[in-house]
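# Coordinates in review
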Amino acid sequence: MDGAAGLGLYPLHRCKTIHLVRHAQGLHNVAGEKEHSAYSSPDFFDAQITPLGWDQVDNLRKHVHSSGLSSSIELVVVSPLLRTMQTAVGVFGGEGYPDGIINAPPLMAEHILNNNRPAISSLNSPPFVAMELCRERLGVNWCDKRRSISEYTTLFPAIDFSLIESDDDTLWELDVRETNEDIARRGLKFLNWLWTREEREIAVVTHSALLMHTLTVFGDDCHPSVKPEICKPFNNCELRPLVIVDRSMIGSSSTKINYPRKIPRGIDAQIADPKRNKSGEGNNGIRMKAATKMKALVKKLKVKKREASCHIC
């Protein structure tokens, strides 16, 4: 029908909502805007976010809570770099510890790396998982090289680093920069990994290059005005919710929400089935009786066939 030409339907259990977030402003961003070569300076190794970046985090946190988003996110996946983890725990982490009582490990320890931020609690927050696949473009730029996982675990005790195989950063190389095609391929691999998770609503805190080159793969089947909404570059600490659909059905699980119509047993079942015959018997009862008669007829025919065969012999 023409009325449905611009619409589309897809089963809910074959979709996920992902809330994509680029990290807040980092020290390397400020220096890089003045001189692009600063990105490759060792001075900005695994750069942390600026005071303005923390203000961006606080503002996004207020939005996440006022919009109700904080109560719907089931998992936070974060790139294992300092600026993304600071952003992730600051936006999606728990509230402060009540009355100074610490009965759960913090998502971020207090005053890390000489900043004045207090500890961020893991109380009443979703689980946090660090994932190498959603890192920034690999190689050359020192701001994109990570610290050891053993160091990160002291800074961010409640983040789960178990999916990262190597303590040291074995992916970053000083003289080899990841290509656009390779980072897009890695981003698609990351999205496929998301389908292995049971959670239906996931926040991802990552980087501009990974977002840009991964998302440009999508949107060609949308209205021309929609693709820019998907693919336009992210600002620092920008949040953009998207719905991804598993059209291949490779990663989709069976639905836990659908409820097929069932006719209960017992005398009250007459109320549940509106299609009754005059005797009050429902369709299920009629079908059962018909099946019983058919079985009896088949049995009778088999007997006659055996009698006929014996007679012929």
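Summary of the structure given here. Predicted, not measured: the structure shown is a model, and the values here were computed from it. (Residues numbered from 1 in each chain as written. Predicted model: local features only at pLDDT ≥ 70, side-chain atom pairs only at ≥ 80, totals over all residues. Heavy atoms only, no water.)

## Observations concerning a nonpolar patch on the surface
A contiguous nonpolar surface patch, about 250 Å² in accessible area, is contributed by Tyr10, Val243 and Val245. Topologically, Val245 is positioned in strand 5 (residues 239–245). (Patch = residues over 30% accessible without salt bridge, like charges linked within 9 Å, V, L, I, M, F, W, Y side chains within 5 Å. Areas by Shrake-Rupley, 256 points an atom, 1.4 Å probe, with all protein chains shown as cover. Salt bridge = Lys/Arg side-chain N within 4 Å of Asp/Glu carboxyl O. Helix = DSSP H or I, 4+ residues; strand = E, 2+ residues; numbered from the N terminus.)

## Let's talk about the packing of aromatic side chains
Taken as a whole, this structure holds 4 aromatic pairs when the rule is applied. Both rings, one in Phe45 and one in Trp142, keep their centres 6.3 Å apart while their planes meet at 80°; by these two values the pair is edge-to-face. Taken as a pair, Phe45 in the loop between helix 1 (27–34) and helix 2 (51–66) and Trp142 in the loop between strand 3 (128–130) and helix 4 (149–155) lie far apart in primary sequence, 97 residues in all. When the centroid spacing of 5.0 Å and the interplanar angle of 50° are considered together, the rings of Trp142 and Trp172 count as tilted. Placement of Trp142 in the loop between strand 3 and helix 4 and of Trp172 in the loop between helix 4 and helix 5 (180–194) is noted, with a sequence separation of 30 residues between them. (Phe/Tyr/Trp six-rings, centres within 6.5 Å; stacked < 30°, edge-to-face > 60°.)

## Focus: the layout of surface pockets
What the largest pocket holds in volume is close to 1,000 Å³. Phe218, Val243, Ile244, Val245 and Arg247 are the residues nearest the centre of the largest pocket, which is lined by 34 residues in total. Here the element with the most residues in the lining of the largest pocket is helix 5; it accounts for 5 residues. Taken together, the residues of the lining of the largest pocket sort by class into 22 nonpolar, 9 polar and 3 charged. (1 Å grid on protein atoms, 1.4 Å probe; cavity = no way out; pocket = protein on both sides within 12 Å on 5 of 7 lines; lining within 4 Å. Points joined across faces, edges and corners; volume = space filled by probe spheres on them. Nonpolar A, V, L, I, M, F, W, Y, C, P; charged D, E, K, R; others polar.)

## Considering the nonpolar core
If you look at the biggest cluster of nonpolar residues, it comprises 36 residues, and the most contacted ones within it are Phe92, Phe156, Ile159 and Phe161. For this core, the secondary structure elements donating two or more residues are helix 2, strand 2 (75–78), helix 3 (82–92), strand 3, helix 4 and strand 4 (201–206). No other element matches the 6 residues that helix 3 contributes to this core. Setting aside anything within four residues of it in sequence, one finds Phe92 in contact with Val21, Arg61, Val64, Ile73, Val76, Ser125, Pro126, Phe128, Ala203, Val205 and Leu239. (Core = buried A, V, L, I, M, F, W, Y, C linked by side-chain atoms within 4.5 Å. Buried < 20%, exposed > 50% of the residue type's maximum accessible area, 1.4 Å probe, protein only. Contact = heavy atoms within 4.5 Å.)

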